[in-house]
Amino acid sequence: MIEIPESATLGRQATETLTGKIVAGVKNATNLHKFTWYNGDPLKYPELLTGRKIESVKGYGAFVEINFDSDVHLLIGDGTNMRYYPASYPHPEKYQLLLVFEDKSFLVFTVAMYGGIYAYRGELDNRYYQGSINKLSPLDNRFDEACFSSLIGNEKKDISVKALLATEQRIPGLGNGVLQDILFNAGIHPKRKISTLSDLEKQDLFHSMKVTLTAMRNRGGRDTERDLYGNKGGYRVILSKNTYMSPCPNCGGTIMKEAYMGGAVYYCPVCQRQK
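Residues numbered from 1 in each chain as written. Predicted model: local features only at pLDDT ≥ 70, side-chain atom pairs only at ≥ 80, totals over all residues. Heavy atoms only, no water.

Draft legend 1. The arrangement of the pairing of strand 8 (residues 106-111) in detail. Where burial is concerned, most of strand 8 is hidden: 5 out of the 6 residues are buried. The pairing of strand 6 (residues 80-85) with strand 8 spans 6 bridges and is classified as antiparallel. Bridge pairing in strand 8 places Met82 opposite Phe109. In this structure, strand 7 (residues 97-101) lies alongside strand 8, joined through 4 bridges in antiparallel fashion. (Buried < 20%, exposed > 50% of the residue type's maximum accessible area, 1.4 Å probe, protein only. Helix = DSSP H or I, 4+ residues; strand = E, 2+ residues; numbered from the N terminus. Pairing = 2+ DSSP bridges.)

Below is the structure:
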């Protein structure tokens, strides 16, 4: 799933690889997927995108946006995979969209569970996208302790730390995936109520968020996700479905897995006590 480290990585890689390429052809979905969302009629995407030149690619939160000339854009959201292949590779059999460039290299978009592929001219009226481009990312130096304190202070309900950080897009692109290591590194249980956090714990949580997300981005994303070329990210995730049967790297205890708020949470009951 695309979260902050992956959108940053995909944006950087795609800028380096795709800038200047011109779309020679657009192929519509060969595998219809009822949980793939488009902007308008996807059968009109070839008319909009063919002949357009890529000017830049940017990652915002859980989105990656390809910007073409003539104010045309192609946006993918959390759940959509984007892979680039050189001309020598055969086209896959199943996809939700495929762009062929003039040099015969191509870009493939696929959706596993759910995802969005939005082609449009001008502005896109999507509140999640608008939130991603208008809110400060934790990777931005302007996102400081005062911003984080304001985020907590503006919350009227006594919600859990997971609810604060990973729901309702309070911090766009910070989802359940990256949350696990952030909380582990801060020593905070995902079910802790925000009212129980001391000032020191809030500082620890803020710094863990900044440091953990920066490490994930700098290493090309998480090893549970793949980049533009299909390679796993270089950041080795501490807590995930792939590691939770292993002992806690801090105390050697048993990592727990629970269903919570529509997803799984992983934690060490010793290092992350629920007070």
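On we go from here.
Draft legend 2. Representation of the sheet that holds strand 7 in the model. Read across the open sheet, the 4 strands follow the order 1-7-8-6; overall the sheet is antiparallel. In the strand order of this sheet, the two ends are held by strand 1 (23-28) and strand 6, each with one partner. Strand-to-strand twist across the sheet, computed as the mean angle between neighbouring axes with direction ignored, equals 15°. Across the sheet, helix 1 (residues 4-18) touches strand 6, strand 7 and strand 8, and the angle it forms with strand 6 is around 30°. (Axes fitted to C-alpha atoms, helices over the stretch in contact; angles between N-to-C directions. Contact = heavy atoms within 4.5 Å.)

Draft legend 3. Local environment of the nonpolar core. Ranked by size, the top nonpolar core spans 30 residues in total, and within it Phe148, Leu165, Leu174, Leu205, Met209 and Leu213 carry the most contacts. Contributing elements (two or more residues each) for this core: helix 4 (145-153), helix 5 (161-166), helix 6 (176-186) and helix 7 (199-218). With near-sequence residues (within four places) excluded, Leu165 lies in contact with Phe148, Ile171, Leu174, Leu179, Leu183 and Leu205. With 28 residues, the next largest nonpolar core counts Ile2, Leu10, Leu18 and Leu97 among its residues. (Core = buried A, V, L, I, M, F, W, Y, C linked by side-chain atoms within 4.5 Å.)

Draft legend 4. Seen up close, the packing of helix 4 against helix 7. It is at 10 Å that the axes of helix 4 and helix 7 come closest, and there the two elements cross at 120°. Seen along the crossing, helix 4 lies across helix 7 with a hand that is right-handed. Touching Glu145, Phe148 and Ile152 of helix 4 are Lys202, Gln203, Leu205, Phe206, His207 and Met209, all from helix 7. For the contact of helix 4 with helix 7, the residue count by class is 5 nonpolar, 2 polar and 2 charged. (Left-handed = near helix turned anticlockwise from the far one by under 90°. Nonpolar A, V, L, I, M, F, W, Y, C, P; charged D, E, K, R; others polar.)

Draft legend 5. Quick look at the sheet that holds strand 4 (residues 63-68). Sheet architecture is open: 5 strands sit in the order 2-9-5-4-3, paired in mixed fashion. Of all the strands in the sheet, just strand 2 (36-38) and strand 3 (54-60) have a single pairing partner and so form its edges. Direction aside, the axes of adjacent strands within the sheet are offset by 15° on average. Pairing geometry for strand 2 and strand 9 (residues 115-121), over 3 bridges, is parallel. Bridging across to strand 9, Trp37 finds its partner in Gly116. Strands strand 3 and strand 4 of the sheet are contacted by helix 1, whose axis makes an angle of about 170° with strand 3. Helix 3 (residues 127-134) rests against strand 3, strand 4, strand 5 (72-76) and strand 9 of the sheet, and its axis sits at about 85° to strand 4.

Draft legend 6. Looking closely at the pairing of strand 7. A large share of strand 7 lies buried, amounting to 5 of its 5 residues. Here strand 7 shows no split at all, with Leu97, Leu99 and Phe101 on one side and Leu98 and Val100 on the other all buried. The turn joining strand 7 and strand 8, which pair antiparallel and follow one another in sequence, is formed by 4 residues; a positive phi near 75° is taken by Lys104.

Draft legend 7. Fine view of the pattern of salt bridges. A full pass over the atoms with the stated rule returns 10 salt bridges. In this structure, Glu16 and Arg12 form a salt bridge, with 4.0 Å as the shortest nitrogen-oxygen distance. Placement of the pair is Glu16 and Arg12 together in helix 1, with a separation of 4 residues, close to one helical turn. Put simply, Asp140 and Arg142 hold a salt bridge, and the shortest N to O gap is 2.8 Å. Residue Asp140 is classed as partly exposed on the basis of its relative accessible area, which comes to 22%. Among the ionic contacts, a cluster of salt bridges with common partners joins Glu3, Glu6 and Arg222. (Salt bridge = Lys/Arg side-chain N within 4 Å of Asp/Glu carboxyl O.)

Draft legend 8. Here's a closer look at the packing of aromatic side chains. Scanning all chains against the criterion turns up 9 aromatic pairs. Taking the centre distance of 6.3 Å and the plane angle of 80° together, the rings of Tyr60 and Tyr129 count as edge-to-face. Residue Tyr60 is found in strand 3, and its partner Tyr129 is found in helix 3; the two are separated by 69 residues along the sequence. With centroids separated by 5.9 Å and ring planes inclined at 80°, the aromatic side chains of Phe63 and Tyr129 adopt a geometry described as edge-to-face. In this pair, Phe63 sits in strand 4 while Tyr129 sits in helix 3, placing the two residues 66 residues apart along the sequence. The burial state of Phe63 is the same as that of Tyr129; both residues are buried. Of the aromatic side chains, those joined through ring pairs into one cluster are Tyr60, Phe63 and Tyr129. Above the plane of the ring of Tyr260 lies Lys191, whose end atom (NZ or CZ) is 5.2 Å from the centre. (Phe/Tyr/Trp six-rings, centres within 6.5 Å; stacked < 30°, edge-to-face > 60°. Lys NZ or Arg CZ within 6 Å of the ring centre and 35° of its normal.)

Without other data, these values stay purely geometric and don't point to any function.
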